Amino acid sequence: TVTGVQTCALPIFGMTLLMVMLTVNFTACSDDDEEQQDDKTLALLVGSWENELDSFTDVNGNVVSSTTEVLTFKADMTWTGIDYYTGTNYPNEKTEKWGEGTYSYDSSKKRLTLNNNIFESDIVEILEITESKLSYLSEDGIMNYTRKK
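All of the points below concern the structure found in this document. (Residues numbered from 1 in each chain as written. Predicted model: local features only at pLDDT ≥ 70, side-chain atom pairs only at ≥ 80, totals over all residues. Heavy atoms only, no water.)

### Details of unusual backbone geometry
Note the following rule: Numbering of helices and strands starts at the N terminus; helices are DSSP runs of H or I of at least 4 residues and strands are runs of E of at least 2. When a residue's accessible area, from a 1.4 Å probe over protein chains only, is under 20% of the maximum for its type it is buried; when over 50% it is exposed; and in between it is partly exposed.
For Met77, which is not a glycine, the phi torsion comes out positive at approximately 70°. With respect to the element layout, Met77 can be found in the loop between strand S2 (63–73) and strand S3 (78–86). Met77 sits in the partly exposed class, given a relative accessible area of 27%. Not every positive phi belongs to a glycine, and Lys110 is a case in point at roughly 55°. In this fold, Lys110 is placed in the loop between strand S4 (94–106) and strand S5 (111–116). Lys110 gets classed as partly exposed once you look at its relative accessible area, which sits at 46%.

### Let's talk about the environment of Lys94
Selection rule: Contacts are assigned to residue pairs with any non-hydrogen atoms lying within 4.5 Å of each other.
Here Lys94 is to be found in strand S4. Residue Lys94 is classed as partly exposed on the basis of its relative accessible area, which comes to 46%. Residues Lys94 and Tyr84 lie ten residues apart in sequence; the distance between their C-alpha atoms is 6.0 Å. Excluding its chain neighbours within four sequence positions, the residues that come into contact with Lys94 are Asp83, Tyr84 and Tyr85.

### A look at the nonpolar core
The following threshold applies: Take the buried Ala, Val, Leu, Ile, Met, Phe, Trp, Tyr and Cys residues and link them wherever side-chain atoms come within 4.5 Å; each set so joined is a nonpolar core.
Core analysis: the largest hydrophobic core is formed by 18 residues, its most contacted members being Leu45, Phe73, Leu112, Leu134 and Tyr136. Looking at this core, the elements that each hand over two or more residues are helix H2 (32–45), S2, S4, S5, strand S6 (122–129), strand S7 (133–138) and strand S8 (141–147). Setting aside its immediate chain neighbours within four residues, Phe73 contacts Leu45, Val46, Gly47, Trp49, Thr78, Trp79, Tyr103, Leu112, Leu114 and Leu134.

### A few points about the pattern of salt bridges
The condition that has to hold: The working definition used for a salt bridge is a side-chain nitrogen of Lys or Arg within 4 Å of a carboxyl oxygen of Asp or Glu.
Enumeration over the complete set of coordinates arrives at two salt bridges. The partner of Glu100 in a salt bridge is Lys97, with the nearest N and O atoms 3.0 Å apart. Notably, a salt bridge pairs Glu128 with Lys133, separated by 3.3 Å at the nearest N-O pair.

### Focus: the side chain of Thr67
Within the element layout of this structure, Thr67 appears in strand S2. Of the residues examined, Thr67 reaches a relative accessible area of 9% and is grouped as buried. Apart from the residues lying within four places of it in its own chain, the contact partners of Thr67 are Asn51, Glu52, Leu53, Asp54, Asp83, Tyr84 and Tyr85.

### Side note on the packing of aromatic side chains
Threshold: Working definition: a ring pair exists when centres of Phe, Tyr or Trp rings (six-membered ring for Trp) sit within 6.5 Å. Plane angles under 30 degrees give stacked, over 60 give edge-to-face, the rest tilted. To sit over a ring, a charge needs its Lys NZ or Arg CZ within 6 Å of the ring centre and within 35 degrees of the ring normal.
Evaluation of the coordinates by the stated rule reveals three aromatic pairs. Relative to Tyr103, the ring of Phe73 lies with its centre 5.2 Å away and its plane at 85°, an arrangement referred to as edge-to-face. In this pair, Phe73 sits in strand S2 while Tyr103 sits in strand S4, placing the two residues 30 residues apart along the sequence. Grouping residues by exposure puts Phe73 and Tyr103 together as buried. Ring geometry for Trp79 against Trp98: centres 5.8 Å apart, planes inclined by 55°, an arrangement best described as tilted. Placement of Trp79 in strand S3 and of Trp98 in strand S4 is noted, with a sequence separation of 19 residues between them. Of note, Lys94 hangs over the ring of Tyr85, and the distance from its end group to the ring centre comes to 5.3 Å. Taking NZ or CZ as reference, Lys148 lies 5.5 Å from the ring centre of Tyr84, over its face.

Okay, here's the thing in structure tokens:
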């Protein structure tokens, strides 16, 4: 009977060990961290971002003209791009909408696809995104934006 108890305990111990290993394995292989990062990137992206493209002043330091680009991303996965021209050369402030459409984000490649209904669509690589800063790499180079207040 002692031998029978020992042989019966061995399969129970083995099954318990197997269940513990499977539980640890399933927990360790979860990709929830990547999904949370996706949600954080997209949540941070929603809002308006501005980038001063150029600014020219006269000899007295007065702004003659400046161009500011504003990108606006909405939670419904649509976006717009508008350039604002201001300064003494543009007393009535001129605007030019150059982009609008939908967007998508590929977290594995950190790529933001801007489907544009006005001009060519673009795929950019997100370099950094925080509550106040957006930086991406496009074919035009590195673009840096601050959140518009």
